[in-house]
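Spelled out from the first residue to the last, the chains are:
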Amino acid sequence: MRAMPLEGEYEPSPAAWVTKQVAEYEESGGERANTLGNTGLPVIIVTTRGNKSGKVRKTPLMRVEHDGQYALVASMGGAPRHPVWYHNLSADPAAVVIQDGPHPFDATVRELSGAERDEWWERAVAAYPPYAEYQRKTERLIPVLVATRRS
Ligand code: F42
């Protein structure tokens, strides 16, 4: 079943390389622009709704998948503040579309804590080792959310 794209006006990221990656990923159905730079490590595209503007926002994130669920890691390179897409998801955990390959799908997210977060954090660091470095760089506990496909 195809995703119901989040209605609303798409507002590209102010970061040009992010906007470019999203555009190329979507145009190619996930065949191109599907890794982080030349790391060879896969990314997904996460669509959220701006919690203030209501605009549609699209964010490439590292692909951390297990049994059909995805971890969304609000690392932002270990910056002191959470990325704003995290606030969008916190405001509306059901306004989420995940694209991992050609077909985007609707999902719902839940923020993880405790042992469940530890388990997904391990998977995240295995998929993208710099996450461990980012956590060492910042006082904030990097939020980990799990996205589950809505049938
Ligand atoms: N970021 C991560 O945090 N984790 C990753 O695993 C990750 C992987 C990754 C791979 C490839 C790549 O190209 C980028 C990657 N990034 C990763 C970076 C990620 O794509 C984002 O650029 C980054 O996390 C920052 O997200 P952000 O949502 O904070 O982006 C800012 C720059 C942004 O878009 N700001 C907009 C602006 O105009 O300044 C506003 C966006 C927005 O959602 N606004 C809300 C609204 O209502 O419209 C209001 C938000 C609020 O509460 O103020």
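In this text, all values refer to a predicted model and were calculated from it rather than measured experimentally. (Residues numbered from 1 in each chain as written. Predicted model: local features only at pLDDT ≥ 70, side-chain atom pairs only at ≥ 80, totals over all residues. Heavy atoms only, no water.)

K.L.:
I would appreciate a short explanation of the pattern of salt bridges in the present structure.
P.N.:
Between side chains of opposite charge, pairing is possible as soon as their charged atoms come close. Counted under the stated rule, the structure contains 8 salt bridges. We note a salt bridge from E11 to K55, for which the minimum N-O separation is 3.0 Å. Here E11, found in the segment before α1 (16–27), pairs with K55, found in the loop between β1 (43–49) and β2 (56–62); they are 44 residues apart in sequence, far enough to count as distant. Residue classification places E11 among the partly exposed positions, given a relative accessible area of 25%. Here R63 makes a salt bridge to D100, at a shortest N to O gap of 2.8 Å. Of this pair, R63 sits in the loop between β2 and β3 (65–66) while D100 sits in the loop between β5 (96–99) and β6 (105–111), and the two are 37 residues apart along the sequence. With relative accessibility at 28%, the residue R63 sits in the partly exposed group. (Salt bridge = Lys/Arg side-chain N within 4 Å of Asp/Glu carboxyl O. Helix = DSSP H or I, 4+ residues; strand = E, 2+ residues; numbered from the N terminus. Buried < 20%, exposed > 50% of the residue type's maximum accessible area, 1.4 Å probe, protein only.)

K.L.:
Even after reading the chapter, I still don't get the site of the ligand, so can you show me in this structure?
P.N.:
Around the ligand, the surrounding shell holds 25 residues, and the nearest of these are Q21, K52, S53, R57 and Y131. Take P60: an N or O atom from its main chain is 2.8 Å from an oxygen atom of the ligand. In this structure, M76 approaches the ligand through a main-chain N or O atom, which is 2.9 Å from an oxygen atom. Within the complex, the protein chains bury 78% of what would otherwise be the 1000 Å² of accessible surface of the ligand. Where the shell around the ligand is concerned, the elements lending two or more residues are α1, β2 and α2 (84–91). (Near = heavy atom within 4 Å. Polar contact = N/O pair within 3.5 Å; in protein donor to acceptor, adjacent residues only side chain to side chain. Areas by Shrake-Rupley, 256 points an atom, 1.4 Å probe, with all protein chains shown as cover.)

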